[in-house]
Amino acid sequence: MSSLPLSDLPGSLPATATPAPATTAPATRAPAGSPFAPARLTRHALTLLPLLLVGGWAAADWRTFHDGATQLASADPWWLLSGLFFTCMGWVVAAVVRQGALPERLPPGPLLASQFAAGAANHVLPASIGAHAVTLRFLQNHGISLARGTASLALYSLVKPIAKTAVLLGFLVAFPDLLHLGELVPNRRTLVLVAVGVTAALATAGILAAAVRPLRRPLVCFVRTALTDARILHTRPSRVLALWGGAAATPLLQASVIASVGFALGLPLSWTQVTLALLLASTAVGAVPAPGGIGPVDAALVFMMVTFGAPMGLAAATVIGYRVLTVWVPLLPGALVLSIMVQRKML
């Protein structure tokens, strides 16, 4: 090998050719503003999903809608307008209860719109899952953490049956001769089965929380948050009134809708009888996980009104009319509001 320096050579040496790396075609990804972006496609799908669910449910339950509309065609329109008014007031009261279950102040208009949209979702999914999902998404969109939002939903779900039971007991004390309760009190075997079921559910939840470590920390955080928020809320009279007063007014408004439809059809029952029938029916079978309570509550409500002396056909027509006013009439507008709120990223 020569010892001469390379710089003394007349020309520079050619650079060593290195093999070019194999080029792969870049993955085609839709830009963020493209209509085919995954986030935009998901938002459009969520926008259309409520309308598709409404259409499918209408096709599956068309007979009920047709029968209710036929009965309502010959009803007193002023009483029906009264029932529609009480239906609208139900959404206002639901928004008031939601606000009462949270220390932070929420914007009233969007909160009311979210409850109107949640009503549509509530009649599609069982056990109020749809309404709670819409409300939780609304709370998170307004800066409420997941733990606090879940605690608010839990408090809301706990207060409603307690307030309804208190209203029921108040009616039974105020009107002791209105109904012979001996025929409706469950026997000892049924009470034992209910007690065993509740105990088993609580024990299972406790065992899972103690044995499964990943569940322990979020559960402890949830319980701590729920207890803290409940203590704070009950130091504010406005929140207490909104939470408990709204929860107690909810079944009374529902009964007012049923009574208005019944009066429009000529139901021979008073408002007190209709209210007590609804309270007893919803207490007996309200825990059955049906969308919006449709089905089990309807059958129990017809049975209770017949027990009070209403004709079977008229009681069934009243319940069908009640469902038309509270489910079918607001279902499509509620689904549209839900779609708009998803489209505008309010949910």
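Residues numbered from 1 in each chain as written. Predicted model: local features only at pLDDT ≥ 70, side-chain atom pairs only at ≥ 80, totals over all residues. Heavy atoms only, no water.

Engineer: An account of the overall build of the protein chain is requested, with residue identities and associated values reported.
Structural biologist: Summing up its helical and strand segments, the protein chain has 12 helices and zero strands in all. Taken from the N to the C terminus, the helices and strands of the protein chain come in the order α-α-α-α-α-α-α-α-α-α-α-α. Residue pairs at least 24 apart in sequence account for 74% of intrachain contacts in the protein chain once pairs closer than 6 positions are excluded. Entry remark: accessible area of the protein chain is about 19800 Å², with carbon and sulfur atoms responsible for 71%. (Helix = DSSP H or I, 4+ residues; strand = E, 2+ residues; numbered from the N terminus. Contact = heavy atoms within 4.5 Å. Areas by Shrake-Rupley, 256 points an atom, 1.4 Å probe, with all protein chains shown as cover.)

Engineer: Kindly report on the environment of L84, identifying the contributing residues and their values.
Structural biologist: Tracing the backbone through its elements, the reader meets L84 in helix 3 (residues 77-100). C-alpha of L84 to C-alpha of V257: the two residues are 173 residues apart in sequence and 7.2 Å apart in space. Residues within four places of L84 in sequence aside, it is in contact with L325 and V329.

Engineer: Describe the confidence of the model for the protein chain, with residues and values.
Structural biologist: On average, the protein chain scores 77 in pLDDT, and the residues at 70 or more come to 65%. Predicted confidence for residues 22-28 stays below pLDDT 50, and this span has zero contacts to residues more than four positions away or in other chains. (pLDDT = per-residue confidence, 0-100.)

Engineer: Quick one: what's the story with the packing of helix 3 against helix 12 (residues 312-343), residue by residue and with numbers?
Structural biologist: Two elements in contact, helix 3 and helix 12, have axes separated by 10 Å at closest approach and are oriented at 75 degrees. It follows from the interaxial angle that helix 3 and helix 12 lie roughly perpendicular. Along its contact with helix 3, which presents L80, G83, L84, T87 and W91, the element helix 12 presents L325, T326, V329 and P330. (Axes fitted to C-alpha atoms, helices over the stretch in contact; angles between N-to-C directions. Parallel < 35°, antiparallel > 145°, perpendicular 65-115°, else oblique.)

Engineer: Go over helix 3, please, and point to the residues and values.
Structural biologist: Taking 1.5 Å per residue, 24 residues should reach 34 Å; helix 3 reaches 35 Å between its end C-alpha atoms and fits that length. Taken together, the buried positions of helix 3 are L80, G83, T87, V93, A94, A95, V97, R98, Q99 and G100. Near the N-terminus of helix 3, the side chain that reaches the backbone nitrogen of W78, with its oxygen 3.1 Å away, is that of D76. (Expected span 1.5 Å × (residues − 1). Buried < 20%, exposed > 50% of the residue type's maximum accessible area, 1.4 Å probe, protein only. Polar contact = N/O pair within 3.5 Å; in protein donor to acceptor, adjacent residues only side chain to side chain.)

Engineer: Tell me about the nonpolar core, residues and numbers included.
Structural biologist: Core analysis: the biggest nonpolar cluster contains 39 residues, and L267, L269, L301 and M305 have the highest contact counts within it. Counting only elements with at least two residues in this core, the list comes to helix 6 (146-174), helix 9 (237-265), helix 10 (271-285), helix 11 (296-307) and helix 12. At nine residues, helix 12 tops the list of elements feeding residues into this core. Sequence-distant contacts of L269, that is, excluding residues within four places in its chain, are made with F263, V274, M305, F308 and A310. Core analysis: the second largest hydrophobic core is formed by 16 residues, A95, A117, A118 and M341 among them. (Core = buried A, V, L, I, M, F, W, Y, C linked by side-chain atoms within 4.5 Å.)

Engineer: Pulling in residues and values, what's your account of the side chain of Q115?
Structural biologist: Mapped onto the secondary structure, Q115 falls in helix 4 (residues 108-122). Within the structure, Q115 has its side chain in polar contact with the side chain of S114 (distance 3.4 Å). Once you skip the residues sitting within four places of it in the chain, Q115 turns out to touch W91, A94, A95, R98 and T135.

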